[in-house]
Amino acid sequence: MPYELKHVFASLPQMERGVAKVIGGDPKGNNFLYTNGKCVIIRNIANPAIADIYTEHAHTVTVAKYAPSGYYIASGDASGRIRIWDTTQKEHLLKYEYTPLSGKVKDIAWTEDSKRIAAVGDGREKFGAVFLWDSGSSVGEVSGHSKLINSVDIKQKRPYRLATASDDTSGSFFEGPPFKFKFTLRDHSQFVNCVRFSPDGNRFVTAGADGQMFLYDGKEGTLISTLGGEKAHKGGIYAVSWSPDSSQLISASGDKTVKLWDVGAGTAVTTFNLGSDVTDQQLGCLWQNEHLLTVSLSGYINYLDKNNPDRPIRTVKGHSKSIQCVTVHKKDGRPHIYSGSHDGHINILFTLDETKSALNASTVFPLTNASHYWDAETGENDCFLGKGHSNQVSQMVTDESNELVTCSMDDTVRYTNLNKTEYSASDVVKMDFQPKSVSAAAGGLSLAVCIGQVVLLKDKKKVFTMDNLDYEAEVGALNPGGSTAAVGGADGKVRLYSVQGNTLKDEGKTIEVAGAITDMAYSNDGAYLALIDDKKVTSVFTVADDYSVKNNFYGHHAKPVTLAWSPDNEHFATGGMDMMVFIWTVSDPDKRIKMPDSHRLHHVSGLAWVDEHTLVTTSHDASVKQWTITY
């Protein structure tokens, strides 16, 4: 294979305020899983840089749970469909598929023999179902609720019991199989968000939006006690998870804390404070072996430290929204991958070289609010602060003075010093119109192409503006020496302006291509200009030969949207709406590497090269992938 997937830097869970997030744990204790969009993400708990993404759902996936055997995962989506798929092979073959509900699936539970599944959520005629995993035939009914069911759990020891928690402020208790309704649990005064049996099956706990937690007998369903008296938390409780020995549990709450409970005493042993911002609300948790994981509203995954409740051992950060652009910059000889997403978030992935780490550790710093990098080998963390873009980051480049230049839909161009690792409040240039594209060159020059305007900037200040254009400017590129500014238009023409001092001079020179230009870039040595257009043609022009056509490249079936030059100046990559990535050879249009479905569900939104054999792709699935290319 000329290309091979090297690393997947997966997206964070997709969070919604006031909605609990179910995190699934692997019975063997190695992995945990969660959902984002139509993806189920499986991550290694000891090294979250190792990840796998399942993309076979047609609708937004809401919950995924491992079978107790560890061989299968059941995942449920917003349409009520449950897919049961294999975990042992890379292909994740589908075993069975059922549609037990007519609305969103909110939670799934398996019996300990991995033979029966309970699924609950929203629906028209019923809010839950219990069925055999291999035939889909019913083994009882989940009744007794008048509103959607948020949570379900099954006792993992015989005799089986099933408990549910619903928005109608009650829980229900069932005996089985076949599961029959026994009675209603009416102790909560608000929505009941979560119900979980202890691993030994002796007790189960319910948690609700009223901030209360009740402990019940696992076999009889009778109330034993209230955890934490009147109120277990100041805010609503969204999730609970038991310790493997059934003596303790953790609860995650909207009051931005997680509490560790001694179940026998009914008291909180430790309170973990996870911040004061609204995005620090805790909406999910998982206790797996010695790892205590919680998920914040921001999507960040926190590994709690029992010995230091105010500082997590590590926080896994990244993107939870679609990534729009990416660039690579070498710092101290090490490549850092910078990616920007549609919520204004910028992330730094720090890749170690192979000699330093067998795992090729990656480090992540999202630059909005607090930022982080982590090392997959040692789990080292670091943070920095700063206020970043408030809207989609449309494009980013790095310049020779180690600045990251970004343009955003918040109508600004920002310069961020990569050595300082924090946002500068002063290095922000406000634009008159929304910038669509930004490029940088030697001598402190940058070019911003805005809607109806082209702006030349020097040393972080506007020096020249072209208004009242007689064409629609789409994308701009400065040649590396900073002598020419090429601006591509929707009319299929590239206008070449010469940069003279602090002005752009139109000398009437244009290049014509087949369609509206979607992206273009000069090779790193300035010898070639490559561009892609919406007529699916990729063209390369020789700069020294008065921009004569070097070659045209054909292969995309739909509009190509992004282009990046390899450091060898002989190859470049293009990505299109047809989900394809092509790697072209400048001198030979027939010599190409075709990478189909690099991000399965979405087209590639950004491309960047770490070195001549390493390509980075980003997409709207909020993940970053690193590929090894061999020619």
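Treat the numbers as computed from the prediction; the structure is a model and nothing was measured.

Asker: Lay out the overall build of the protein chain in plain terms, naming residues and giving numbers.
Answerer: The helix and strand tally for the protein chain stands at 0 helices and 57 strands. Whereas a compact globule of 631 residues would reach a radius of gyration of roughly 25 Å, the protein chain reaches 27 Å, a difference of no more than 12%. With respect to the three principal axes, the spread of C-alpha positions in the protein chain is 85 × 50 × 50 Å. With 631 residues in all, the protein chain has 60% of them scored as buried. Across the protein chain, every contact between residues at least 6 apart in sequence was considered, and the portion connecting residues at least 24 apart equals 44%. Accessible surface, the protein chain as shown: approximately 23700 Å² in total, 46% of it carbon and sulfur.

Asker: Got a sec to walk through the sheet that holds strand S13 (residues 149–154)? Specific residues and values, please.
Answerer: Spatial strand order, S13-S14-S15-S16: 4 strands in an open sheet with antiparallel pairing. The open sheet terminates on both sides in strands that have one partner only, identified here as S13 and strand S16 (180–185). On average, adjacent strands in this sheet sit at an angle of 20 degrees to one another, irrespective of strand direction. In this sheet, S16 lies alongside strand S15 (residues 171–175) in antiparallel orientation, the contact comprising 5 bridges.

Asker: Requested: an account of the packing of aromatic side chains, with residues and values cited.
Answerer: Scanning the model with the defined rule gives 18 aromatic pairs in all. With 4.9 Å between their ring centres and 15 degrees between their planes, Phe-204 and Tyr-216 make a pair best called stacked. Taken as a pair, Phe-204 in strand S18 (residues 203–208) and Tyr-216 in strand S19 (residues 213–217) lie far apart in primary sequence, 12 residues in all. Overall, Phe-204 belongs to the buried group, its relative accessible area being 0%. Seen from their ring centres, Phe-582 and Trp-584 are 5.0 Å apart, and the 25 degrees between their planes marks the pair as stacked. The class of Phe-582 is buried, set by a relative accessible area of 1%. Since its relative accessible area comes to 0%, Trp-584 is described here as buried. Ring-pair connections join several aromatic residues into one group, and the members of that group are Tyr-72, Tyr-96, Tyr-98, Trp-110, Phe-131 and Trp-133. Positioned over the ring face of Tyr-71 is Lys-28, at 4.9 Å from the centre of the ring. Lying over the aromatic face of Tyr-471, Arg-495 brings its terminal NZ or CZ to 3.6 Å of the ring centre.

Asker: Kindly report on the pairing of strand S43 (residues 473–478), identifying the contributing residues and their values.
Answerer: Among the 6 residues that make up S43, 5 are buried, leaving the element largely enclosed by the rest of the structure. Pairing analysis gives 5 bridges linking S43 to strand S44 (residues 484–489), with the strands arranged antiparallel. Paired with Gly-476 across the strands is Val-487, a residue of S44. Adjacent in sequence and paired antiparallel, S43 and S44 are bridged by 5 residues, among which Gly-482 carries a positive phi angle near 85 degrees.

Asker: Pulling in residues and values, what's your account of the confidence of the model for the protein chain?
Answerer: Per-residue confidence for the protein chain gives a mean pLDDT of 90, with 94% of residues at or over 70. Between residues 352–384, whose pLDDT stays under 50, and residues either more than four places distant or in other chains, the model counts 120 contacts.

Asker: Now, about the environment of Leu-132: what can you tell me, with residues and values included?
Answerer: Turning to its location among the elements, Leu-132 is positioned in strand S12 (residues 128–132). Distance from Leu-132 to Ala-477, taken between C-alpha atoms, is 60 Å for residues 345 residues apart in sequence. Once residues lying within four places of it in the same chain are set aside, the contact partners of Leu-132 are Tyr-98, Lys-115, Arg-116, Ser-137 and Val-139.

Asker: An account of the UniProt feature "repeat: WD" (unreviewed entry) in the protein chain is needed here, citing residue identities and associated values.
Answerer: Annotation from UniProt places "repeat: WD" (unreviewed entry) at residues 54–95, 185–226, 230–271 and 553–594. The distance separating the terminal C-alpha atoms of residues 185–226 is 13 Å; by composition the span is 0% helix and 52% strand. Between the C-alpha atoms that bound residues 553–594 the distance is 13 Å, and the span itself is 0% helix and 62% strand.

Asker: Describe in detail the side chain of Ser-623, supporting the description with residues and values.
Answerer: For Ser-623, the location among the structural elements is in the loop between strand S56 (614–619) and strand S57 (624–629). For Ser-623, the side chain forms a polar contact with the side chain of Asp-621, separated by 2.8 Å. Discounting residues that sit within four places of it in the chain, Ser-623 has contacts with Phe-9, Ala-10, Ser-11, Ile-53, Ile-323, His-599, Thr-617 and Thr-618.

Asker: Please provide a residue-by-residue account of the pattern of salt bridges, values included.
Answerer: Applying the stated criterion across every chain yields a total of 16 salt bridges. Note that Glu-97 is salt-bridged to Arg-81, the shortest N-O span being 3.5 Å. Here the residue Glu-97 occupies a position in strand S9 (residues 94–98), and Arg-81 occupies one in the loop between strand S7 (72–77) and strand S8 (82–86), the gap between them amounting to 16 residues. Between Asp-113 and Arg-116 there is a salt bridge whose closest N-O contact spans 3.2 Å. Salt bridges here are not isolated pairs; linked through shared partners, they connect Lys-65, Asp-107 and Arg-196.

Asker: Give a detailed account of the sheet that holds strand S47 (residues 517–522), specifying residues and quantitative values.
Answerer: With respect to topology, 4 strands assemble into an open sheet ordered S47-S48-S49-S50, the strand pairing being antiparallel. The sheet terminates laterally at S47 and strand S50 (548–554), the two strands that pair on one side only. Strand after strand, the sheet turns through a mean of 20 degrees between neighbouring axes, direction not considered. Looking at chain direction, strand S49 (residues 537–542) and S50 are connected through 6 bridges and run antiparallel. Each bridged residue has a counterpart across the sheet, and for Thr-542 the counterpart in S50 is Ser-548.

Asker: Quick one: what's the story with the nonpolar core, residue by residue and with numbers?
Answerer: Core analysis: the largest hydrophobic core is formed by 22 residues, its most contacted members being Phe-32, Ile-41, Leu-293, Ile-301 and Tyr-303. Mapped by element, the contributors of at least two residues to this core are strand S3 (31–36), strand S4 (39–44), strand S5 (51–54), strand S25 (282–288), strand S26 (291–296) and strand S27 (301–303). Sequence-distant contacts of Leu-293, defined by excluding residues within four places in its chain, comprise Phe-32, Ile-45, Ile-250, Gly-284, Cys-285, Leu-286, Ile-301, Asn-302 and Tyr-303. Tyr-72, Ile-108, Trp-110 and Ile-117 belong to the second largest nonpolar core, which has 17 residues in total.

Asker: Describe the environment of Glu-512, with residues and values.
Answerer: Within the secondary structure, Glu-512 is located in strand S46 (residues 503–512). Relative accessible area serves as the criterion here: at 57%, Glu-512 is assigned to the exposed category. C-alpha separation for the pair Glu-512 and Glu-141, spaced 371 residues apart in sequence, amounts to 67 Å.

Asker: An account of unusual backbone geometry is requested, with residue identities and associated values reported.
Answerer: Peptide bonds are, in most cases, trans, and in most cases residues other than glycine have a negative phi. Between Gly-176 and the following residue, Pro-177, the backbone shows a cis peptide bond with an omega angle of -10 degrees. Within the element layout of this structure, Pro-177 appears in the loop between S15 and S16. Of note, the bond from Pro-177 into Pro-178 is cis; its omega dihedral lies within 30 degrees of zero at -15 degrees.

Asker: How would you summarise the side chain of Thr-574 if you had to cite specific residues and measurements?
Answerer: As for its position among the elements, Thr-574 is in strand S52 (residues 571–576). One polar contact links Thr-574 to His-556, side chain to side chain, over a distance of 2.8 Å. Among all residues touching Thr-574, those that are not within four sequence positions of it are Ile-532, Thr-538, His-556, Thr-562, Leu-563, Met-580, Val-581, Phe-582, Trp-584 and Leu-607.

Calculation criteria
- Residues numbered from 1 in each chain as written.
- Predicted model: local features only at pLDDT ≥ 70, side-chain atom pairs only at ≥ 80, totals over all residues.
- Heavy atoms only, no water.
- Helix = DSSP H or I, 4+ residues; strand = E, 2+ residues; numbered from the N terminus.
- Rg over C-alpha atoms; globule rule 2.2 N^0.38 Å.
- Buried < 20%, exposed > 50% of the residue type's maximum accessible area, 1.4 Å probe, protein only.
- Contact = heavy atoms within 4.5 Å.
- Areas by Shrake-Rupley, 256 points an atom, 1.4 Å probe, with all protein chains shown as cover.
- Pairing = 2+ DSSP bridges.
- Axes fitted to C-alpha atoms, helices over the stretch in contact; angles between N-to-C directions.
- Phe/Tyr/Trp six-rings, centres within 6.5 Å; stacked < 30°, edge-to-face > 60°.
- Lys NZ or Arg CZ within 6 Å of the ring centre and 35° of its normal.
- pLDDT = per-residue confidence, 0-100.
- UniProt positions renumbered as here; feature names shortened; annotations may be inferred.
- Polar contact = N/O pair within 3.5 Å; in protein donor to acceptor, adjacent residues only side chain to side chain.
- Salt bridge = Lys/Arg side-chain N within 4 Å of Asp/Glu carboxyl O.
- Core = buried A, V, L, I, M, F, W, Y, C linked by side-chain atoms within 4.5 Å.

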